[in-house]
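Residues per chain, in single letters:
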Amino acid sequence: MKFNTDRKWLERRAEQEDRHFISVGGLISTLDPTCQAEIVNMPTVETTKTAFVRLLQLTRRERRLSSEKLAEIADVDLAELLKIEMDETFTPGLRTVHQLAVALNLPVKKMMVLAGLLQIKDPHLQQASVRFAARSEPVGSVSPEEHAALEEYVKFLNER
Amino acid sequence: MNPKRTMTLNLTDQEMSVLEELSIQKDLSKTALLRQALRLYQIVDARISRGEKFFFEDPDKQKAELMVL
Amino acid sequence: MRETIQILDCHSGQAVAAEIFDEITLEHFIETQAIWRPVVLDAVRALAKSPNQTTLIPRHFHWDWTRKEAELKMLALKFFGLSCDGRLQGIMKVDTVVRSCRLPEQQGKPLVYIDYIETAPWNIKQLMEPLGKRQQYRGVGSRLFEAAVLQSEEEDFKGRLGLHSLPGAETFYIKECGMTPVGRDPHKQNLLWCEFTPEQARRYLAGD
């Protein structure tokens, strides 16, 4: 690839870029003042929440449990369970997370952290959560790759 | 630059004719066009393997499933 | 692919060597979340509280983590990173198959579609100012955009490029880069579809 080596070209492009948010699909800009509260309350770490939901979905699918069956086994409200699986911005109740963790044999405290109910600073947890989320998807039968990702992630959670 | 390997391709007259026509239409070399076809095939294959279905939708919004593989 | 290019260092005012590469891994995505995102949110919170705030508030567009690792194996997708000083400074994802030209004179012809392009927050002036910090590097996004155009030429797409511009960047892509605004896309949150013809791409690269 032959990139432009002219310093003036670079200065001009940099100056143009500085005047705008040029991100595509990443940062977006909006004039809507009503989203200010949303921004201020946005979690610093969104990926552990994604990992929480994905962990729940994959473990349930691996055991071939419907949401209804899992809600029954865990003794939690089905509507809340469905909301957890469909809406990553939704924060589940303490009892619900505890019950689900026990029913699926997942470490309770870690699940609380992933669900955003407990705060701990753990960059390794965040990295592992991102890796897991990037290797899985919410629906369909569990692929061998997803199975491997799930095993690895659950092992990590149990060891720390 | 990723190293490239060479392959000989034996096509029928009809296949070659289609390849040439598409190349002109898409303003692509024949190699570039076949590369696009391979990329598309990989995406479609990956998604169907995951259980997704591949549909075409006609202007009247009628869906027809396109079976691949 | 790994090329050495220049970007601008805001501290020294000099052009410095950086690398553009296409061997992106999951670790790079992790870096954007673990290191970039907290800085973005700090800056956005500071911006939101500022009484003199007249600039647009950037909002994080939810990054879909699903299948990212699988995407890295797709031939149709190309990922580019820009690093300097041992750190990731920018990242970009392009798609060479799923979208094609919409401008009537090149309708249906393949193009490189910029799906995602982002610069590390410490390189964005409007994010550093509310935090009382100085921007680190300039020109990162432009270099990635340039890489997308060059990739289009390498693909034999003659420089044809497309993207959905976010609201605050429309002027940049149309006026500064010289893309043609084609129309708002109802299938993509009504974002403006912008496209390069081969001639426009050539002018962009040459700086005309």
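Residues numbered from 1 in each chain as written. Chains lettered and ligands numbered in written order. Predicted model: local features only at pLDDT ≥ 70, side-chain atom pairs only at ≥ 80, totals over all residues.

(A) View of the overall build of chain B. Along chain B, the regular secondary structure elements total 2 helices and 2 strands. What you see in chain B, going N to C, is helices and strands ordered as α-α-β-β. Viewed in the frame of its principal axes, chain B has a C-alpha envelope of about 40 × 25 × 25 Å. Looking at the 69 residues of chain B, the share that counts as buried comes to 4%. (Helix = DSSP H or I, 4+ residues; strand = E, 2+ residues; numbered from the N terminus. Buried ≥ 20, exposed ≤ 12 C-beta atoms within 10 Å, placed from the backbone.)

(B) Broad picture of the nonpolar core. With 48 residues, the main nonpolar core has Met-92, Val-112, Ile-114, Leu-144, Ala-148, Val-149 and Leu-161 of chain C as its most contacted residues. With 7 residues, helix H4 (residues 140-154) of chain C is the single largest residue contributor to this core. Apart from residues lying up to four places away in sequence, Ala-148 of chain C is in contact with Met-92, Val-94, Val-112, Ile-114 and Leu-161 of chain C. Counting residues in hydrophobic clusters, the runner-up holds 32 residues, among them Ala-71, Val-130 and Phe-132 of chain A together with Ile-30 of chain C. (Core = buried A, V, L, I, M, F, W, Y, C linked by C-beta atoms within 7 Å. Contact = placed C-beta atoms within 7 Å.)

(C) Just the sheet that holds strand E6 (residues 112-119) of chain C, in detail. Residues and elements named next belong to chain C. The strand order E7-E1-E2-E4-E5-E6-E8-E10-E9 describes an open sheet built from 9 strands, whose pairing is mixed. Two strands lie at the open edges of the sheet, namely strand E7 (137-138) and strand E9 (180-185), each paired on one side alone. Judged from the 3 bridges that link them, strand E2 (residues 15-21) and strand E4 (residues 77-84) form a sheet pairing that is antiparallel. Note on E4: the bridge partner recorded for Phe-21 is Gly-81. (Pairing = 2+ DSSP bridges.)

(D) Main features of the interface of chain B and chain C. In this assembly, 13 residues from chain B lie in contact with 12 residues from chain C. Among the elements that line the side of chain B that touches chain C, the one with the most residues is helix H2 (residues 30-49) of chain B, at 8 residues.

(E) A look at the pairing of E4 of chain C. Residue and element names in this part refer to chain C. Across the 8 residues of E4, 7 count as buried, placing the element largely inside the fold. Bridging between E4 and strand E5 (residues 87-95) involves 8 bridges; their strand directions are antiparallel. Following the sheet pairing, Phe-80 is matched in E5 by Met-92.

(F) Quick peek at the environment of Phe-55 of chain B. Residue and element names in this part refer to chain B. Locating Phe-55 in the fold gives a position in strand E1 (residues 55-57). Sequence-wise, Phe-55 and Tyr-41 are 14 residues apart; in three dimensions their C-alpha atoms are separated by 15 Å. Those residues within four positions of Phe-55 in sequence are excluded, and the remaining contacts are Lys-63, Ala-64, Glu-65 and Leu-66.

(G) Unusual backbone geometry, seen in detail. A positive phi angle, near 60°, is found at Asn-105 of chain A, a position not held by glycine. For Asn-105 of chain A, the location among the structural elements is in the loop between helix H6 (94-103) and helix H7 (108-114). We note that Asp-85 of chain C has phi near 60°; this positive angle belongs to a residue other than glycine. Mapping Asp-85 of chain C onto the fold places it in the loop between E4 and E5. When the 11 C-beta atoms within 10 Å are taken as the criterion, Asp-85 of chain C is described as exposed.

(H) Looking closely at helix H8 (residues 123-134) of chain A. An ideal rise of 1.5 Å per residue puts 16 Å on 12 residues; H8 of chain A measures up with 16 Å between its terminal C-alpha atoms. Within H8 of chain A, the full set of buried residues consists of Leu-125, Ala-128, Ser-129, Val-130, Arg-131, Phe-132, Ala-133 and Ala-134 of chain A. (Expected span 1.5 Å × (residues − 1).)

(I) Focus on the confidence of the model for chain C. Considering every residue of chain C, the mean pLDDT works out to 88; 91% of them sit at 70 or more. For this predicted complex, the interface confidence score (ipTM) comes to 0.89, while the overall pTM stands at 0.79. (pLDDT = per-residue confidence, 0-100.)

(J) Examining H6 of chain A more closely. For H6 of chain A, the set of buried residues is Thr-96, Val-97, Gln-99, Leu-100 and Ala-101 of chain A. Just downstream of H6 of chain A lies Asn-105 of chain A, where phi reads positive at about 60°.

(K) Region of interest: the environment of Gln-6 of chain C. Looking at the element boundaries, Gln-6 of chain C is found in strand E1 (residues 2-9). Among the residues examined, Gln-6 of chain C registers 19 C-beta atoms within 10 Å and is labelled partly exposed. Here the alpha-carbon distance between Gln-6 of chain C and Cys-194 of chain C, two residues 188 residues apart in the chain, equals 27 Å. Apart from residues no more than four positions distant in its own chain, Gln-6 of chain C is found in contact with Leu-10 of chain A together with Ala-15, Val-16, Ala-17 and Ala-18 of chain C.

(L) Local environment of the confidence of the model for chain B. Mean pLDDT for chain B: 87, with 93% of residues reaching 70 or above. When pLDDT is averaged over each helix and strand of chain B, the minimum, 73, is found for strand E2 (residues 63-65) of chain B and the maximum, 96, for helix H1 (residues 13-26) of chain B.

(M) Highlighting the pairing of strand E10 (residues 191-196) of chain C. Residues and elements named next belong to chain C. Taking burial as the measure, the 6 residues of E10 include 6 buried ones, the bulk of the element. Pairing of strand E8 (residues 161-165) with E10, which is carried by 5 bridges, proceeds in the antiparallel orientation. Bridge pairing links Leu-163 to Cys-194 in E10. Bridge count for E9 against E10 is 5 bridges, and the pairing is antiparallel. The partner of Asp-185 across the bridge, within E10, is Leu-191. Linking E9 back to E10 in an antiparallel pair, the connection comprises 5 residues, with Gln-189 at a positive phi of about 50°.

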